[in-house]
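As a plain string of letters, each chain reads:
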Amino acid sequence: MASDGAKRRPWNGSGEWLPSLISRLLRVVNATLRYRIQVPPSTRSLFRSGKPFLLAFWHGRVLLLPFIYRSQVAGERHLLTLIGQDRHEGLATRTVARLGLAPFRMSSLEGGERALEETIHGLRTGDAIAVASDGPGGPSGRQPHSEILRLAEKTGVPIVPLSWSARPRWRTASRDRLQVPVPFARVSVAFGEPLNVTGTAGPDRLDQDRRTLVRQLRGLAGRTDAEVREARITGWMFWGYTLGIFLVSLLILPWLLWKIVSVKNRRTAFVERMGLKGWSSRGEEGEERPLWIHTVSVGEVLSTVPFVRELKGRCPGLPIVISSITPAGRAMAQKEFEEGERITCFPFDYPIPVWLALRNMNPRSFLHTETEIWPYFLLMLGRRGIPTAIVNGRLSAASCKRFGYFRFFLKRVLGSVRVFAMQSRIDCYRIIRIGADPRRVYLTGNMKFDVPEPQGVEESRSALRREMGFGEESLVFVAGSTHEGEEAILLDVYTELKEEVPHLKMLLAPRHPDRC
């Protein structure tokens, strides 16, 4: 009679080159994969505790199991695997064995006393056990076997369900339908909440726990499948968006170069907006992760000052980064924030500047005043799991109409934002209309109206009027935040009004200080 080794000869001896080759290829492919891993807090605590657990997965999703396990479970704990050993499943078994998993000889606990003893021994020594819940080779994620539940009941060890999905991918033709990711694929990994199985002596309770495990595994599989599918669609949208702004940048490149060369503060801003300089030199190395607050320009900087001071009073040790789009906003931030907050310019919404800025900042959370929507930046925050909020948000009717044409794209972008604190009800309606989740939208009012009136305002007003040559009886016509071409119209209006109101004075304040 042939020995067990002789029976498996196609996959031993000369056949060993195939599992070895596949495992090497998987290591190379894994280095290119883009993972997004979701672990509930209770499951993460279990991993860190060092206690044993049973890892339940569908048989067709075993190939990435070694890489996922090592990325989430600290220490030198072994992962033992109960999967098949016949011709088709044996190839997967030998492949994952070369990736660091210790496979059991038997694929199922049913009738396998030796496997049961080895499993219990492994759990008692602190190892984790990964069990293909649908048994050897299938039935491709339809129903789990009850043996994993009996094992959990006998040992008192919780079951942690796991699923992952990749796009693009291909499936093997064998009955286990193994999922194989292709290089540079997106991979979504989801762990479930630990399932404690106790007192399953009765068949009704055992069936109830089995249905619970089915729901968790199917739910995780459906969620990961949907996430990688949506991520792939969003990825194509993003590259289209990036290509579009790149072409626009080429068109305005001569004007941009002229600005950089002719205006000194534009050169500093350009370096920071390219992500080459994370923040001003006032920041110190080794600090904890900061809160990043983005202000668009001067007005938003001024409205943020009371909020930042109140926040610093409640959280004295919290490092804060203030960014702005315009050089004028950056200069105002340096003037107003003298307590050591870091000041920088917001990065261009291109892949490399955004990646560099987030690598340098590594913020714990991001607050965005007003409602400038930078798609690539917001999506990168979402992918990194950085909490994001839009505060003091507003959206004009024209912007709402313009953004409405791209709602299918913005809905995914705004999904990265956890809180929308809007100025008015109409702003709430408009942000929901372009794709924001209504459950995340709140009416909070305008922060600019919350800025406290400075002390001695009457004395300052009188001194300012004297400095500008305005008498106390003069009526002042203020034209603020004007753009090129608007001043000529306003001067014509002022000339006509001057004939009717002789003591009328005009104060003209252009939007950009370099035009003064």
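Quick summary incoming for the structure in this document. (Residues numbered from 1 in each chain as written. Predicted model: local features only at pLDDT ≥ 70, side-chain atom pairs only at ≥ 80, totals over all residues. Heavy atoms only, no water.)

## Topic: a negative patch on the surface
Part 1 of the reasoning: Taken together, the side chains of Asp-492, Glu-496, Glu-499 and Glu-500 define an acidic patch exposed on the protein surface.
Part 2 of the reasoning: Within the fold, Glu-499 resides in helix H18 (residues 486–500). (Patch = residues over 30% accessible without salt bridge, like charges linked within 9 Å, V, L, I, M, F, W, Y side chains within 5 Å. Areas by Shrake-Rupley, 256 points an atom, 1.4 Å probe, with all protein chains shown as cover. Salt bridge = Lys/Arg side-chain N within 4 Å of Asp/Glu carboxyl O. Lys, Arg positive; Asp, Glu negative; His and termini not counted. Charge placed at Lys NZ, Arg CZ, Asp CG, Glu CD. Helix = DSSP H or I, 4+ residues; strand = E, 2+ residues; numbered from the N terminus.)

## Let's talk about unusual backbone geometry
Part 1 of the reasoning: The omega torsion of the bond from Arg-167 to Pro-168 falls at -5°, within 30 degrees of zero and hence cis.
Part 2 of the reasoning: As for its position among the elements, Pro-168 is in strand S6 (residues 159–171).
Part 3 of the reasoning: The phi angle at Asn-362 is positive, at roughly 45°, despite the residue not being glycine.
Part 4 of the reasoning: Turning to its location among the elements, Asn-362 is positioned in the loop between helix H12 (351–361) and strand S11 (365–369).
Part 5 of the reasoning: The partly exposed category is assigned to Asn-362, whose relative accessible area is 35%. (Buried < 20%, exposed > 50% of the residue type's maximum accessible area, 1.4 Å probe, protein only.)

## Points about the pairing of strand S13 (residues 419–422)
Part 1 of the reasoning: With three bridges joining them, strand S12 (residues 388–393) and S13 adopt parallel strand pairing. By the bridge assignment for S13, Ile-390 is matched with Phe-420.
Part 2 of the reasoning: Where S13 lies against strand S14 (residues 441–443), three bridges are found, and the strand directions are parallel. Residue pairing in the sheet places Ala-421 in a bridge with Tyr-442 of S14.
Part 3 of the reasoning: In the classification by handedness, the crossover that spans S13, the intervening helix H16 (residues 425–433) and the parallel S14 is right-handed. (Pairing = 2+ DSSP bridges. Right-handed = clockwise from strand over helix to strand, strands pointing away.)

## Brief notes about the pattern of salt bridges
Part 1 of the reasoning: Counting across every chain of the model gives seven salt bridges.
Part 2 of the reasoning: Across the pair Arg-36 and Glu-227 runs a salt bridge whose closest N-O atoms are separated by 3.5 Å. Of the two residues, Arg-36 is situated in strand S1 (residues 34–38) and Glu-227 in helix H8 (residues 203–262); the sequence distance between them amounts to 191 residues.
Part 3 of the reasoning: Classification of Arg-36 by relative accessible area gives partly exposed; the value is 37%.
Part 4 of the reasoning: The closest approach of N and O atoms between Glu-272 and Arg-330, which form a salt bridge, is 2.6 Å. Residue Glu-272 is located in helix H9 (residues 264–273), and its partner Arg-330 is located in helix H11 (residues 327–336); the two are separated by 58 residues in the primary sequence. The same class applies to Glu-272 and to Arg-330, which are both buried.

## Quick notes on the side chain of Ser-324
Part 1 of the reasoning: Along the chain, the position of Ser-324 falls in strand S9 (residues 320–324).
Part 2 of the reasoning: Within the structure, Ser-324 has its side chain in polar contact with the backbone oxygen of Val-296 (distance 3.1 Å).
Part 3 of the reasoning: Leaving out residues up to four positions away in the same chain, Ser-324 has contacts with His-294, Thr-295, Val-296, Ser-297, Gly-329, Arg-330, Thr-344, Cys-345 and Phe-346. (Polar contact = N/O pair within 3.5 Å; in protein donor to acceptor, adjacent residues only side chain to side chain. Contact = heavy atoms within 4.5 Å.)

## Comments concerning the sheet that holds S13
Part 1 of the reasoning: Pairing is parallel across the open sheet formed by seven strands, whose spatial order is S10-S9-S8-S11-S12-S13-S14. Taken across any chain shown, the strands that pair with only one partner, and hence form the sheet edges, are strand S10 (342–345) and S14. Looking at each pair of strands side by side, their axes are set apart by 20° on average, direction ignored.
Part 2 of the reasoning: Where S9 meets S10, four bridges bridge the pair, whose relative direction is parallel. Across the sheet, residue Ser-323 finds its bridge partner in S10, namely Thr-344. (Axes fitted to C-alpha atoms, helices over the stretch in contact; angles between N-to-C directions.)

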